[in-house]
Amino acid sequence: MTARKSSASDVSTRVWQRMLSGRRLDLLDPSPLDIEIADIAHGLARVARWNGQTSGAHIFSVAQHTLLVEAVMREQMPRVDMKFRIAALLHDAPEYVIGDMISPFKAVLGGDYKVVEKRLLAAIHIRFGLPPVLSDEITQKIKAADRGAAYLEATHLAGFAEAEAKRLFGRDPGLPAATERDYMTPWTAAKAEKRFLTRFKLLHG
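Residues numbered from 1 in each chain as written. Predicted model: local features only at pLDDT ≥ 70, side-chain atom pairs only at ≥ 80, totals over all residues. Heavy atoms only, no water.

Novice: How should the overall build of the chain be read in this particular structure?
Specialist: Helix and strand counts for the chain stand at ten helices and two strands. Sequence-ordered secondary structure for the chain, helices as α and strands as β, is β-β-α-α-α-α-α-α-α-α-α-α. The buried share among the 205 residues of the chain stands at 42%. The long-range share in the chain, meaning contacts at least 24 apart out of those at least 6 apart in sequence, stands at 64%. (Helix = DSSP H or I, 4+ residues; strand = E, 2+ residues; numbered from the N terminus. Buried < 20%, exposed > 50% of the residue type's maximum accessible area, 1.4 Å probe, protein only. Contact = heavy atoms within 4.5 Å.)

Novice: Please explain the pattern of salt bridges as it appears in this structure.
Specialist: Side chains that differ in sign of charge can pair as their charged atoms come close. Taken as a whole and assessed by the stated rule, the structure comprises eight salt bridges. Note that Glu 70 and Arg 199 form a salt bridge whose closest N and O atoms lie 2.9 Å from each other. With a gap of 129 residues between them, Glu 70 in helix α2 (residues 62-76) and Arg 199 in helix α10 (residues 189-204) connect regions that are remote in the sequence. Residue Glu 70 shares its accessibility class with Arg 199, and that shared class is buried. Residue Asp 182 is joined to Arg 195 by a salt bridge in which the shortest nitrogen-to-oxygen separation is 2.9 Å. Of this pair, Asp 182 sits in helix α9 (residues 177-183) while Arg 195 sits in helix α10, placing them 13 residues apart in sequence. One network of salt bridges, with partners in common, ties together Arg 23, Glu 36 and Arg 127. (Salt bridge = Lys/Arg side-chain N within 4 Å of Asp/Glu carboxyl O.)

Novice: Would you explain the environment of Ile 138 in this entry?
Specialist: In this fold, Ile 138 is placed in helix α7 (residues 136-156). Classification of Ile 138 by relative accessible area gives buried; the value is 7%. For the pair Ile 138 and Val 80, spaced 58 residues apart in the sequence, the C-alpha separation amounts to 9.6 Å.

Novice: I tried to follow the side chain of Glu 70 on my own but got confused; where do I start?
Specialist: For Glu 70, a relative accessible area of 1% puts it in the buried group. Within the local environment of Glu 70, its side chain forms a polar contact with the side chain of Arg 199, the two groups lying 2.9 Å apart. Each residue touching Glu 70, except ones within four places of it in the same chain, is listed here: Arg 85, Ala 88, Leu 89, Arg 199 and Leu 203. (Polar contact = N/O pair within 3.5 Å; in protein donor to acceptor, adjacent residues only side chain to side chain.)

Novice: Please explain the nonpolar core as it appears in this structure.
Specialist: The tendency in soluble globular proteins is for nonpolar side chains to be buried as a group. Ile 40, Leu 68, Leu 90, Tyr 96 and Phe 196 are the most contacted members of the largest nonpolar core, which totals 58 residues. For this core, the secondary-structure elements that each account for two or more residues are α1 (37-44), α2, α3 (82-89), α4 (95-98), α6 (111-127), α7, α8 (162-169) and α10. For Phe 196, the residues in contact, after removing those within four places along its chain, are Ile 37, Ile 40, Ala 41, Leu 44, Ala 63, Thr 66, Leu 67, Leu 89 and Leu 90. (Core = buried A, V, L, I, M, F, W, Y, C linked by side-chain atoms within 4.5 Å.)

Novice: In this structure, what is going on with α3? I would like to understand it.
Specialist: Two residues of an α-helix separated by three or four positions point the same way, owing to the 3.6 residues in each turn. Burial of α3 is extensive: six of the eight residues sit out of reach of the surface. If you check which residues of α3 are buried, you get Phe 84, Arg 85, Ile 86, Ala 87, Ala 88 and Leu 89. Where α3 is buried, its residues contact α2, α7 and α10. The residue sitting at the N-terminus of α3 and contributing the capping side-chain oxygen is Asp 81; that oxygen lies 2.8 Å from the backbone nitrogen of Lys 83.

Novice: What am I meant to see in the side chain of Thr 66 here?
Specialist: You can see Thr 66 is positioned in helix α2. Of the residues examined, Thr 66 reaches a relative accessible area of 0% and is grouped as buried. If we ignore the near neighbours within four places in the chain, the residues touching Thr 66 are Ala 88, Leu 89, His 91, Asp 92 and Phe 196.

Now the structure itself:
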């Protein structure tokens, strides 16, 4: 009896994920038409930063992190174009599909992970009217805000000493005290999802 060859329809070769919106997003060839901001917000609010190794009653979600990054960018670049604030908010959006892997593990996985991540981010950008690939200047500005957010998370929530966090992530971004207190208190998934959507709609219109 000849073994049946596997086909693209087999469960073992499925490369798409069904979203709560009903969309099916292909991980290898993502279409902007299959991307919905509600799916992104819902997913990111339920993905834990730092592999969940943070203090507090709730996880510190990627949704809350992206809002923090956008807040840091506003502080560092108060006149930055609105579309780049949206890009900062969406900089980790692929993680609503592929999850959040800590940087050391990404380094172990190598290039394949990055290829999938970049394709997803390009499709997300196109869906919301951003350039598929951002300029190096804006990319570096977002990365700087991301490192500032990571410094705060590391020292307030993830158990890092200030000296170690400074060596790994750079300096404290200097947010206003009230803003820092707000973002350094992990929110419920429902609150993170709602605040992410509210901020996105304010920026995107």
